[in-house]
Amino acid sequence: MATFLYRLGRFAFRRRHFTALFWVALLALAGVGAAGAPAAGNTSFSIPGTEAQKAFDVLEERFPGTSADGATARVVFKAPAGEKMTDAGNKATVEKTVKELSGDSQVAFVADPYQGGGLSQDGAVAYASVSYKVSGMELEDSSRDSLEAAAEDARDAGLTVEIGGDALQAVPATGTAEIIGIGVAAVVLVITFGSLLAAGLPLLTAIIGVGIGVATITALASTLELGSTTSILATMIGLAVGIDYALFIVSRYRTELAEGREREDAAGRAVGTAGSAVVFAGLTVVIALVGLSVVNIPMLTKMGIAAAGTVAIAVLIALTMVPALLGYAGGKVRPAGEKSKLLGGGRAKKTGTAQRPNMGTRWASFVVRRPVAVLLLGVVGLGAAAVPAGSLELGLPDDGSQPTSTTQRRAYDLLSEGFGPGFNGPLVVVVDAKNSDDPQAVFQQTGDEIKGLDGIVTVAPAQPNEAGDTATITVIPDSKPSSVATEDLVHDIRDAGADIKADVGADILVTGATAVNIDVSQKLNDALLPYLTLVVGLAFLLLIVVFRSILVPLKAALGFLLSVMAALGAVVAVFQWGWLAGLMGVEETGPVMSMMPIFMVGVVFGLAMDYEVFLVTRMREAFVHGENPSQAVVTGFRYSARVVTAAAVIMMAVFSGFIGSSEAMVKMIGFGLAVAVLFDAFVVRMAIVPAVLALLGKKAWWLPKWLDRVLPNVDVEGEGLRTQDDRKGEDRELVHA
């Protein structure tokens, strides 16, 4: 592989015009496709194989004309202090608002609060339910404007009016996330390279790669039903890995220049060595992201594949466009150790002074001398950070997790105030009595059974369809949607339904947003172990090929488990317990997003293996070239620690920028990934890894002879690129050492 990538790097360097034109043309093509693509349409959230999804399917079949995924809105009214919503003036205002809302062509129907039971017991709060014919993503701006205008008219009449539901759902705003991440990355790159031009190359190539990826996602959003969160995730990961991959190749290029190589040869060798690590690091990320498809939740699968595509583009750009731009830069990109004149380079060095070992060398030497102490400190520290993960509660965000500044959150609070906390999460019980001799009796029996359960405020009468063989029963719990009590109630209703089915043969299915959340959480929990086995197993095999070792990949996987558990602990502490919640902009604590554990396992594993590959391949390279195990650890840090540190800081900056998002899901993902990179890069890879390798010595690189013969030789170390002069020079260095 190293030889092939070496030739590719030299080709891109020589044919820089063709290479640059190819990527710019691809970016333009993707941009044109995105500009001409229709707006993203229905992004329905389906969860195959769950009871909630089966109930949705029954509703669509037995209640034709209803849209299970149509947009909804709840216009909530509150009377001024001392008044009630039944007062003549207030009632007239509400009825006028209902009439205005009914005039919208996209509205299916509007439920009048005075006729549909939408009035609180004390008369202070009322709500009108608005159902639309299309999903929230397909809702036209004119319909949203009409909804807000009707609410504003009612406010002008003296009522407090807020709007809940998904009708006003907007594309999540990330604020200055990308700008913050790129700004911090620029500063780190300038410090790392000592050159503005060298620092600009990884930024430019990462932006082009993300541009191609996001534009392609936008172009296909309508066809593939991709949500807005998909492009945000692709941007987040694409920026991080794009900058890092280019950083490693530019850094290796400058090292090759410092060893006296010609620029074209240096570019080829940089791609042949660091580029090999980039390929395998990228493969681990792609495996982790594509592996999300085993969960069998279409939305999660699409997110993973889209992000994986952006990572693949980042790898290809690092291997081709980076050497092409190095060709354009010429002598302006200086060898390692030299700074540009603008940043203080070109000054005469004092003669007679020995060059001081860099920080990476000094740290690695310390770890090699004190491996047990460093190992224990790292493991105990991560173990302590992981303690909160034992209290992990899972759920999906709803309007109750929105900032209090939003109308959706204020509507949620008004409904809780007027009708109780469970009103925001009604359960819909679907009674399929098609095979029953007396469907009406089954409906009555089901309603009576549910009324006898604990934790219920009201059970609405059964609403049968036209055929009379299926009915829906709305159940209002006395606890909020995300509580454990509500989850227990769903299981109780399902248990009661199983008994009814055994008696009369009717299917009793529980659905609704709350039941969907519970089913998604359970599905993700069940998929976590198979997913972890698949991803870690495939990556383990890949790393055996890369490192030609059994213990090094095993150590890499165990270190990852430590870092991801510690990161989950930090997420629980902030988003569930409320530690530093104000600093992170978390206004409402609650359960952790259901897909967070499995998502973090996938993404963090891929990113963790990035650092493992970049850092340990340099150690492997030194060991293969004749150094003893302890020397190889120090050598690996001497050449890679600075760059890995810069890469980790850049990733943390990119992910941290998304903490400012208005979307709870994006905020949590940004925080979780940033903390995971902090733990994995600086505790696991920089402390635990060298300590373990120092303790293992030569055993770390042991591989059974039969397996050594079977495995393909991918030559990540670039052994095939070494000339006879290289070997003689290394022999002389070993003799002097």
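Residues numbered from 1 in each chain as written. Predicted model: local features only at pLDDT ≥ 70, side-chain atom pairs only at ≥ 80, totals over all residues. Heavy atoms only, no water.

Draft legend 1. Summary view of the overall build of the chain. Within the chain, the regular secondary structure consists of 23 helices and eleven strands. The buried share of the chain, reckoned over its 737 residues, is 54%. Within the chain, counting contacts between residues at least 6 apart in sequence, those at least 24 apart form 79% of the total. When the accessible area of the chain is evaluated, it comes to approximately 31,100 Å², of which 58% is carbon and sulfur surface. (Helix = DSSP H or I, 4+ residues; strand = E, 2+ residues; numbered from the N terminus. Buried < 20%, exposed > 50% of the residue type's maximum accessible area, 1.4 Å probe, protein only. Contact = heavy atoms within 4.5 Å. Areas by Shrake-Rupley, 256 points an atom, 1.4 Å probe, with all protein chains shown as cover.)

Draft legend 2. Expanded view of the sheet that holds strand E4 (residues 160-165). The strand order across the open sheet built from four strands is E2-E3-E1-E4, with neighbouring strands paired in antiparallel fashion. Both outer strands of the open sheet, strand E2 (107-111) and E4, are each paired with one neighbouring strand and no more. Sheet twist, expressed as the average angle between the axes of neighbouring strands with direction ignored, equals 20 degrees. Bridge analysis of E2 against strand E3 (residues 125-132) gives four bridges, and the strand direction is antiparallel. Considered in E3, the bridge of Val107 is made with Tyr132. Its contacts with the sheet put helix H4 (residues 88-102) on strand E1 (72-78), E2 and E3, and the angle it makes with E2 is roughly 170 degrees. Where helix H13 (residues 407-419) meets the sheet, its contacts fall on E1, E3 and E4, and the angle it forms with E4 comes to roughly 105 degrees. (Pairing = 2+ DSSP bridges. Axes fitted to C-alpha atoms, helices over the stretch in contact; angles between N-to-C directions.)

Draft legend 3. Quick peek at empty space enclosed by the protein. Tallying each qualifying case throughout the model produces four cavities of 30 Å³ or more. Roughly 60 Å³ of volume is contained in the second largest cavity. In this structure, the second largest cavity is lined by Thr205, Ala206, Gly209, Val210, Gly238, Gly242, Ala246, Thr310, Ala314, Ile317 and Ala318. Breaking the lining of the second largest cavity down by element, the ones donating at least two residues are helix H7 (196-224), helix H8 (228-258) and helix H10 (298-329). (1 Å grid on protein atoms, 1.4 Å probe; cavity = no way out; pocket = protein on both sides within 12 Å on 5 of 7 lines; lining within 4 Å. Points joined across faces, edges and corners; volume = space filled by probe spheres on them.)

Draft legend 4. Representation of the packing of aromatic side chains in the model. Inspection of every chain in the model, using the stated rule, returns eleven aromatic pairs. Between Tyr127 and Phe419 the ring centres are 5.4 Å apart and the planes differ by 85 degrees, which places this aromatic pair in the edge-to-face class. Linking Tyr127 in strand E3 with Phe419 in helix H13, this pair joins segments that are 292 residues apart in sequence. Each of the two residues, Tyr127 as well as Phe419, counts as buried. Judged by centre distance (5.3 Å) and plane angle (65 degrees), the ring pair of Trp577 and Trp579 falls under edge-to-face. (Phe/Tyr/Trp six-rings, centres within 6.5 Å; stacked < 30°, edge-to-face > 60°.)

Draft legend 5. Molecular detail of the pattern of salt bridges. Tallied over the entire structure, the rule returns 21 salt bridges. For the salt bridge of Arg261 with Glu256, the shortest nitrogen-to-oxygen distance reads 2.6 Å. Per residue, the accessibility class of Arg261 equals that of Glu256, and both read buried. Taken together, the shared-partner salt bridges connect Glu152, Arg155, Glu162 and Arg410 into one network. (Salt bridge = Lys/Arg side-chain N within 4 Å of Asp/Glu carboxyl O.)

Draft legend 6. Main features of the confidence of the model for the chain. Scored by pLDDT, the chain comes out at a mean of 83, with 89% of its residues at no less than 70. Considering only residues more than four positions removed or in separate chains, one finds that residues 346-353, a stretch of pLDDT under 50, has one contact. Low pLDDT, under 50, characterises residues 727-737; the predicted model gives this stretch seven contacts beyond four residues in sequence or across chains. (pLDDT = per-residue confidence, 0-100.)

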